[in-house]
Amino acid sequence: MLNILWVIMMAAGILFASFQGNMAAVTEAFIDSSTEAINLCIFMLGVIGVWNGMMEIAVKSGLMKRIAHVMYPFIHWLFPDIPPGHKANEYIAANMAANMLGLGWAATPAGLKAMQELKVLDKKTANKAPGRKKMIGSVPDSDAGGHASDMMCAFLVLNISSLQLIPINMIAYRSQYGSVEPASIVLPSIVSTAISTLAGIIFIKVIEVLRNRRRRRL
Amino acid sequence: MRAFLYFSDFIVPFIMFYIVIYGFFNKSDVYENFLDGVKEGFKIVVNIAPTMVALLVSIGIFRASGALDFVSGLLEPVGKLLHIPAAVLPVFLVRIFSSSAATSFVLDIFKEFGPDSSIGMMVSIMMSCTETVIYTITIYYMSVKITRTRWTLPGAMVATVAGTIASVVITRMIM
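As the structure is a prediction and not an experimental result, all values here were calculated from the model.

1. Remarks on the overall build of chain A
Part 1: When helices and strands are counted, chain A shows nine helices and zero strands.
Part 2: Moving toward the C terminus, one meets the helices and strands of chain A in the order α-α-α-α-α-α-α-α-α.
Part 3: By principal-axis analysis of the C-alpha atoms, chain A measures approximately 55 × 45 × 35 Å.
Part 4: Residues counted as buried form 43% of the 218 residues belonging to chain A.
Part 5: Relative to all contacts within chain A whose residues are 6 or more apart in sequence, the contacts with residues 24 or more apart total 59%.

2. What about the UniProt feature "transmembrane region" (unreviewed entry) in chain B?
Residues and elements named next belong to chain B.
Part 1: When the UniProt feature table is mapped onto this chain numbering, "transmembrane region" (unreviewed entry) sits at residues 6-25, 45-64, 84-107, 119-141 and 153-174.
Part 2: Structurally, residues 6-25 comprises 90% helix and 0% strand, and the distance from its first C-alpha atom to its last is 29 Å.
Part 3: Measuring from the first to the last C-alpha atom of residues 45-64 gives 27 Å, for a span that is 100% helix and 0% strand.

3. Quick word on the nonpolar core
Part 1: Ranked by size, the top nonpolar core spans 110 residues in total, and within it A:Phe155, A:Leu156, A:Val157, B:Val91 and B:Val123 carry the most contacts.
Part 2: The leading source of residues in this core is helix α3 (residues 30-64) of chain B, at 13 residues.
Part 3: Each of domain 1 (1-51) and domain 2 (62-217) of chain A contributes no fewer than three residues to this core.
Part 4: Excluding anything up to four places from it in sequence, A:Phe155 contacts A:Ile92, A:Ala114 and A:Leu118.

4. Structural notes on the packing of helix α5 (residues 88-97) of chain B against helix α7 (residues 118-129) of chain B
Residue and element names in this part refer to chain B.
Part 1: In contact at an axis separation of 11 Å, α5 and α7 are set at 10 degrees when each is read in the N-to-C sense. With respect to each other, α5 and α7 are oriented roughly parallel. As α5 packs across α7, the resulting crossing turns out to be right-handed. Together, Val-88, Val-91, Phe-92 and Arg-95 of α5 and Ile-119, Met-122, Val-123, Met-126 and Met-127 of α7 make up the contact between the two elements.

5. A short note on the UniProt feature "domain: Nucleoside transporter/FeoB GTPase Gate" (unreviewed entry) in chain B
Part 1: Per the UniProt entry, the sites bearing "domain: Nucleoside transporter/FeoB GTPase Gate" (unreviewed entry) are residues 46-145 of chain B in this numbering.
Part 2: End-to-end, the C-alpha atoms of residues 46-145 of chain B are 15 Å apart, and along that stretch the chain is 82% helix and 0% strand.

6. Quick look at helix α9 (residues 186-217) of chain A
Part 1: The first and last C-alpha atoms of α9(A) sit 47 Å apart over 32 residues, in line with the 46 Å expected at 1.5 Å per residue.
Part 2: Taken residue by residue, α9(A) has A:Val186, A:Pro188, A:Ser189, A:Ser192, A:Thr193, A:Ile195, A:Ser196, A:Thr197, A:Ala199, A:Gly200, A:Phe203 and A:Ile204 as its buried positions.

7. Brief notes about the interface of chain A and chain B
Part 1: Tallying the contact residues gives 89 residues for chain A and 83 residues for chain B.
Part 2: Going through the elements one at a time, α1 (2-20), α2 (23-60), α5 (104-128), α7 (150-160), α8 (168-176) and α9 of chain A are the ones with two or more residues in the side of chain A that touches chain B.
Part 3: In terms of residue count, α2(A) provides more of the side of chain A that touches chain B than any other element does, 26 residues in total.
Part 4: Counted by class, the side of chain A that touches chain B contains 54 nonpolar, 28 polar and seven charged residues.

8. A few points about the environment of B:Thr147
Part 1: Turning to its location among the elements, B:Thr147 is positioned in the loop between α8 (133-143) and α9 (152-174).
Part 2: Among all residues touching B:Thr147, those that are not within four sequence positions of it are A:Leu2, A:Asn3 and A:Gly146.

Parameters and conventions
Residues numbered from 1 in each chain as written. Chains lettered and ligands numbered in written order. Predicted model: local features only at pLDDT ≥ 70, side-chain atom pairs only at ≥ 80, totals over all residues. Helix = DSSP H or I, 4+ residues; strand = E, 2+ residues; numbered from the N terminus. Buried ≥ 20, exposed ≤ 12 C-beta atoms within 10 Å, placed from the backbone. Contact = placed C-beta atoms within 7 Å. UniProt positions renumbered as here; feature names shortened; annotations may be inferred. Core = buried A, V, L, I, M, F, W, Y, C linked by C-beta atoms within 7 Å. Domains from an automatic or database assignment. Axes fitted to C-alpha atoms, helices over the stretch in contact; angles between N-to-C directions. Parallel < 35°, antiparallel > 145°, perpendicular 65-115°, else oblique. Left-handed = near helix turned anticlockwise from the far one by under 90°. Expected span 1.5 Å × (residues − 1). Nonpolar A, V, L, I, M, F, W, Y, C, P; charged D, E, K, R; others polar.

Spelled out as structure tokens, the structure:
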């Protein structure tokens, strides 16, 4: 999917520019945006470095285990395939907590670690049950050429539906642009973020029900 | 509301304080662990840097060429049907790819209509309840070398569209 999407955006953009006669803008855009990407990476080196350092402290001191323990019932409900006590639970818990508090930069390293753990987990289950691919029907496993597992899909859908409690960046921009009450978006934002997360969870659960039905039939 | 914002200033410092103190009293080598984590954080960023370049360049070209405006023009009838103002559509489209590009669109709207206008409120709420779908999927999956994303994109889009519709409806209700 990513391959096709990237090709479409590049090719369509350049073709479109040639019809519109603003090819110079394309060249400029490529220079500007590659610079922007690297600037962003340099910024991320600092911020993600610090948050990942904080997370490492929390892992080694057992704090992450405690957070995961508190959130376990919820995580288990969403990701029934992750065994209790697995490290993926900890990173998913940290990712969710950071997202809720609006700490996007803290959520990223936790989320990427969760992804790694989910991949390891997927490989393990695939090895333990060689007949799995057949059993689940059309659901492929990860070693069949870079397929995402159901847990990975569920995790990312949840992550993207992002339950954020305080939209701190938007409030800052609003006050910068002379809003009379910059924080007036807090309540409406909480309602709509709850709706989007609910939609994501419903989607995940529908897929799960369909999958279980297919599993039972086979 | 003011107290709420005041409280939000405490979040980051308090979390850092709690993590460090908790680690210290659990007799772990806090400083050493922190350095290990930072080192690993660097590796994470270096790992995702190529993806960032690829993504931002393609978005930059797509936007600068005018193709983005063309696509949002195509979507305008759909937007009218859902009572979404024309200025909001490009924000929705760009939001899926890049947070910084979407923010610049939002700031343009703030400049033109003001942050407290109905459109200003709508995009503020929308930005707060949605994520950069493609960006997140790409960064996360590329970091573990997964190319077949299966049902991630449909699921993420369901959540994003639900959030967008919610922000339009809620703005209409309160304004």
